[in-house]
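Chain by chain, the residues:
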Amino acid sequence: EISECLVGSEMCIRDRIKGSSDSSIQDVIPNDLTEILNYSPIQKIICNGATSYKYYKKYQEKELGKEAISLPSTSPANATYSLERLVEIWKKELI
């Protein structure tokens with residue numbers, strides 16, 4: 001159920017970035033997700049793209065005690081997947 005999922009990329013990190021290029025990310029500071037996880041029925045954490053997943057694993061997974069899964073980025077810069085394919089992949093995890 002969607003209400004039991006925490007999804008995002010910005011939820012994981014605060015940073016300095018130029019445009020939407022992951023390669024320009026600097027000065028990463030993980031967002032504090034403890035209150036969200038303590039006071040909601042989150043059962044699944046989904047990272048929006050490989051970079052979000054990398055930073056979640058590096059900065060938050062151990063502290064929060066919850067594994068995350070990585071799904072393809074929904075960014076328009078991700079030309080690897082069509083919108084239809086992204087919807088298909090994400091739908092499997094959200095429903």
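The structure presented is a predicted model; accordingly, all values stated were derived computationally and were not measured.

1. Some remarks on the overall build of the chain
When its secondary structure is counted, the chain shows 4 helices and 5 strands. When the 95 residues of the chain are sorted by exposure, 37% land in the buried category. Accessible surface for the chain amounts to roughly 6,400 Å². Of this, 51% is attributable to carbon and sulfur atoms.

2. Focus on helix α4 (residues 83-94)
Taking 1.5 Å per residue as the helical rise, α4 with its 12 residues ought to reach 16 Å, and the 16 Å between its terminal C-alpha atoms agrees with that figure. For α4, the full list of buried residues reads Leu86, Ile89, Trp90 and Leu94. End-on view of α4: buried residues confined to an arc of 130°, all on one side of the axis. The exposed set on the far side of α4, more than 90 degrees from its buried face, consists of Glu84 and Lys92.

3. Observations concerning helix α2 (residues 50-59)
For α2, the full list of buried residues reads Thr51, Ser52, Tyr55 and Tyr56. All buried residues of α2 project into a common sector of 135° when viewed along the axis, lining one side. In α2, the exposed positions that point more than 90 degrees away from the buried face belong to Ala50 and Lys58.

4. Description of the packing of aromatic side chains
Tallied over the full model, the rule gives 1 aromatic pair. With centroids separated by 6.0 Å and ring planes inclined at 25°, the aromatic side chains of Tyr55 and Tyr59 adopt a geometry described as stacked. Linking Tyr55 with Tyr59, this pair stays in helix α2, spanning 4 residues, or about one helical turn. The residue whose ring lies beneath Lys54 is Tyr55, and the NZ or CZ to ring-centre distance is 4.9 Å.

5. Details of the pattern of salt bridges
One pass over the structure, following the stated rule, counts 3 salt bridges. Among the salt bridges present, the one from Lys44 reaches Glu93, with a minimum N-O distance of 3.0 Å. You can see Lys44 sitting in strand β4 (residues 44-48) and its partner Glu93 sitting in helix α4, a full 49 residues away along the chain. With a closest N to O distance of 3.0 Å, Glu61 and Lys57 form a salt bridge. Assessed through its relative accessible area of 37%, Lys57 is described here as partly exposed.

6. Let's talk about the nonpolar core
Counting 8 residues, the largest nonpolar core consists of Leu33, Leu37, Ile42, Ile45, Cys47, Tyr56, Leu64 and Ala68. Among the nonpolar cores identified, the runner-up in size contains 6 residues, and Leu71, Leu86, Trp90 and Leu94 belong to it.

Scoring rules and cut-offs
Residues numbered from 1 in each chain as written. Predicted model: local features only at pLDDT ≥ 70, side-chain atom pairs only at ≥ 80, totals over all residues. Heavy atoms only, no water. Helix = DSSP H or I, 4+ residues; strand = E, 2+ residues; numbered from the N terminus. Buried < 20%, exposed > 50% of the residue type's maximum accessible area, 1.4 Å probe, protein only. Areas by Shrake-Rupley, 256 points an atom, 1.4 Å probe, with all protein chains shown as cover. Expected span 1.5 Å × (residues − 1). Arc of directions from axis to C-beta. Phe/Tyr/Trp six-rings, centres within 6.5 Å; stacked < 30°, edge-to-face > 60°. Lys NZ or Arg CZ within 6 Å of the ring centre and 35° of its normal. Salt bridge = Lys/Arg side-chain N within 4 Å of Asp/Glu carboxyl O. Core = buried A, V, L, I, M, F, W, Y, C linked by side-chain atoms within 4.5 Å.

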